[in-house]
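# Analysis of the macromolecular model
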Amino acid sequence: MAKLNENFDKLTAGYLFPEISKRVKTFLENNKGVSIIRLGIGNTTEPLAPVVIEALHNGVDKLSKVDTYTGYGDDSTIYAIKDFREALATYYNKLGAKIELDEIFISDGAKSDLGNIPSIFSQDSIIAVQDPTYPAYVDVAVISGKTGKSTGQQYERIVYMPCGEENNFFPEPPTQKADLIFLCSPNNPTGAVATKEQLKKFVDYAKKNQAIIIFDAAYNWFISDPALPKSIYEIEGAKECAIEINSFSKFAGFTGVRLGWSIVPKTLVTQDSSPGKINSIWNRRQCTMFNGASNIVQEGGLVALSEKGLAENQQIIDYYMNNARTIRKALEEKGFKVFGGTNAPYLWVKTPNGMKSWDFFDKMLSEAKVVITPGSGFGPSGEGYFRVSSFGHKENVAKAIESIKKNLKL
Ligand code: PLP
């Protein structure tokens, strides 16, 4: 008799974004003819860089000719097209980190790897997360059966590391035992970026406790302060305890195109494994359950990493960061306390008068007709905040802030 994975029933609240969609739908049904502006979801909106478009076309053309046609990727290169892993190794080299080609695994986006990597670690691993952070880490832990049951806003057997004003929204390493530590920097939703000193403390913790850090760097392209680390491998010792996951989604607008990568160093070790083992298990997992990212898309990704590609993508990042500055200025003028948004595309804003996140979401929607993201959806410590995304057309951002200025009653 087939039985379901009962862990799905442990997922308490619905995923954050479906709940937002439900409330927006109800609002629009009750307010016919009213139009709303979205400053909520972190979806990219601007067209791909011209040089990337050209490379994608080129990728399609290659498939039209017998001598350039390619099918499945080669598992000896873990399905990367020629030169792709070299381009990523060069990227890390520029950051001062030496990454070997067989430590680089191409994927169809960061979310898949974030969801799959925990499966190579023991079922009794204790997972630690920043609170608030990207909700997928907790959901993956729950679905994979690595947590206990929900106790309201939290799950048993997850270590929550609160991030608030008192620690500049980046935590100290936990005082209790944790085996797998998800770190997101710049963090979605707070926009906080860990300093080298802060990351060093986590690397020291991980090495001392034989823990593994899963470092999500999906937004590192938005860091403009040269003192802030863009990769955990800028920290000495990180190659012995950290996996890094990254994506072309936010840097090159590949949210719908799909491409990412993970670094699983051969020097990683756990209590019961010697160097090389984790890398080879992940390789085995990928070769069994994944057949590579699209070869067309990889052509685009390879060019996105070229000098021209990086320059064109930087212009798009600057466009979003300009939105972030506009939003910050307007919200501060309105009297809000605003965090983040300087080295990250997200602004993290305190609700007025201690309002609950979802109550403020409803108020913003009904008065200003603007959709924001309630902070409590990212973890219990997100209560009393909301996230504003700078992904969007600047004309819409202008309309949204105009409406907030005029219609939001504080
Ligand atoms: N990691 C973080 C922190 C994110 O916010 C997102 C998407 O919003 C992802 C990963 C997913 O990235 P991808 O589109 O590469 O799957």
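See the structure printed just above.
To keep things clear, this report deals only with the structure shown in the data block. (Residues numbered from 1 in each chain as written. Predicted model: local features only at pLDDT ≥ 70, side-chain atom pairs only at ≥ 80, totals over all residues. Heavy atoms only, no water.)

## Brief notes about the side chain of Glu-312
Inclusion rule: Secondary structure counts use DSSP, requiring at least four H or I residues in a row for a helix and at least two E residues in a row for a strand, with both numbered from the N terminus. The classification of residues rests on relative accessible area computed with a 1.4 Å probe and restricted to protein chains. Under 20% of the type maximum is buried, over 50% is exposed, and intermediate values are partly exposed. Charge assignment in this entry is limited to Lys and Arg as positive and Asp and Glu as negative, and neither His nor the chain termini are counted. We define a salt bridge as a side-chain nitrogen of Lys or Arg found within 4 Å of a carboxyl oxygen belonging to Asp or Glu. Polar contacts here mean pairs of N or O atoms no more than 3.5 Å apart (in protein, one a potential hydrogen donor and the other a potential acceptor; neighbouring residues in sequence count only if both atoms are side-chain atoms). By definition in these notes, contact holds between two residues if any of their heavy atoms fall within 4.5 Å.
Structurally, Glu-312 can be placed in helix 10 (residues 307-334). Of the buried charged residues, Glu-312 lacks a salt bridge, with Lys-308 as the closest side chain of opposite charge at 4.1 Å. Within the structure, Glu-312 has its side chain in polar contact with the backbone nitrogen of Val-51 (distance 2.9 Å). The contacts of Glu-312, once residues within four sequence positions are left out, are Ala-49, Pro-50 and Val-51.

## Focus on the sheet that holds strand 12 (residues 373-374)
For sheets, the rule is that strands pair by backbone hydrogen bonds, running either parallel or antiparallel. Heads up, the condition is: One requirement defines pairing of two strands: DSSP has to find at least two bridges between them. Orientation is described by axes fitted as lines to C-alpha atoms, over the contacting stretch for helices, and by angles from 0 to 180 degrees between their N-to-C directions.
If you trace the 4 strands from one edge of the open sheet to the other, you get 9-10-13-12, paired in antiparallel fashion. Every interior strand has two partners, whereas the edge strands, strand 9 (338-340) and strand 12, have only one. Pairing analysis gives 2 bridges linking strand 12 to strand 13 (residues 385-389), with the strands arranged antiparallel. Residue pairing in the sheet places Thr-373 in a bridge with Arg-387 of strand 13. The sheet strands contacting helix 10 are strand 9, strand 10 (346-350) and strand 13, and the helix crosses strand 9 at an angle near 155 degrees.

## A short note on the site of the ligand
The line we're drawing: To be near a molecule or strand, a residue needs just one of its heavy atoms within 4 Å of it. For the area figures, the Shrake-Rupley method with a 1.4 Å probe applies, and any residue is considered shielded solely by the protein chains shown. Under the scheme applied, nonpolar residues are Ala, Val, Leu, Ile, Met, Phe, Trp, Tyr, Cys and Pro; charged residues are Asp, Glu, Lys and Arg; polar residues are all the others, including Gly.
Around the ligand, the structure places 15 residues, and the nearest of them are Ala-110, Asp-216, Tyr-219, Ser-247 and Ser-249. One nitrogen or oxygen atom from the side chain of Asn-188 is found 2.8 Å from an oxygen atom belonging to the ligand. One nitrogen or oxygen atom from the side chain of Ser-249 is found 2.6 Å from an oxygen atom belonging to the ligand. Notes on the ligand: free accessible area 390 Å², of which the protein chains cover 91%. When contributions to the shell around the ligand are tallied by element, the ones reaching two or more residues are helix 4 (110-116) and helix 7 (249-252). When residues in the shell around the ligand are grouped by element, the largest group, 3 residues, is from helix 4. Broken down by class, the residue content of the shell around the ligand amounts to 7 nonpolar, 4 polar and 4 charged.

## Focus: the environment of Lys-409
Relative to the helices and strands, Lys-409 is located in the segment after helix 12 (394-407). Leaving out residues up to four positions away in the same chain, Lys-409 has contacts with Lys-363 and Glu-367.

## Brief notes about the state of the cysteines
In plain terms, the rule: Note on terminology: pairs of cysteine sulfur atoms within 2.5 Å are recorded as disulfides.
Enumeration over the complete set of coordinates arrives at 0 disulfides. Here Cys-241 is not disulfide-linked; the sulfur of Cys-184 is the nearest cysteine sulfur, at 17 Å.

## Section: the nonpolar core
To keep things clear, this is the line we draw: Grouping buried Ala, Val, Leu, Ile, Met, Phe, Trp, Tyr and Cys residues that are joined through side-chain atoms within 4.5 Å yields what is termed a nonpolar core. How far each domain reaches was decided by an automatic or database domain assignment.
Within the largest apolar cluster, 99 residues are counted, with the highest numbers of intra-cluster contacts made by Ile-181, Ile-213, Ile-232, Phe-248 and Trp-261. Shared between two domains, this core takes at least three residues from each, and those domains are domain 1 (6-47 + 309-407) and domain 2 (51-306). If sequence neighbours within four positions are ignored, Phe-248 has contacts with Phe-84, Gly-253, Phe-254, Leu-259, Gly-260, Trp-261, Gly-301, Ala-304 and Leu-305. Among the nonpolar cores identified, the runner-up in size contains 29 residues, and Val-138, Leu-180, Cys-184 and Ile-278 belong to it.

## Quick look at the sheet that holds strand 3 (residues 127-131)
On the basis of which strands lie adjacent, the open sheet formed by 7 strands has the order 2-8-7-6-5-3-4 and mixed pairing. Pairing within the sheet leaves two strands with one partner each, and these edge strands are strand 2 (104-107) and strand 4 (158-162). Direction aside, the axes of adjacent strands within the sheet are offset by 20 degrees on average. Inspection of the sheet shows strand 5 (residues 180-184) paired to strand 6 (residues 212-216) by 5 bridges, in the parallel sense. Bridged to Leu-180 within strand 6 is Ile-212. Across the sheet, helix 3 (residues 84-94) touches strand 2, strand 7 (242-247) and strand 8 (260-263), and the angle it forms with strand 2 is around 120 degrees.

The values are spatial; any link to function lies outside them.
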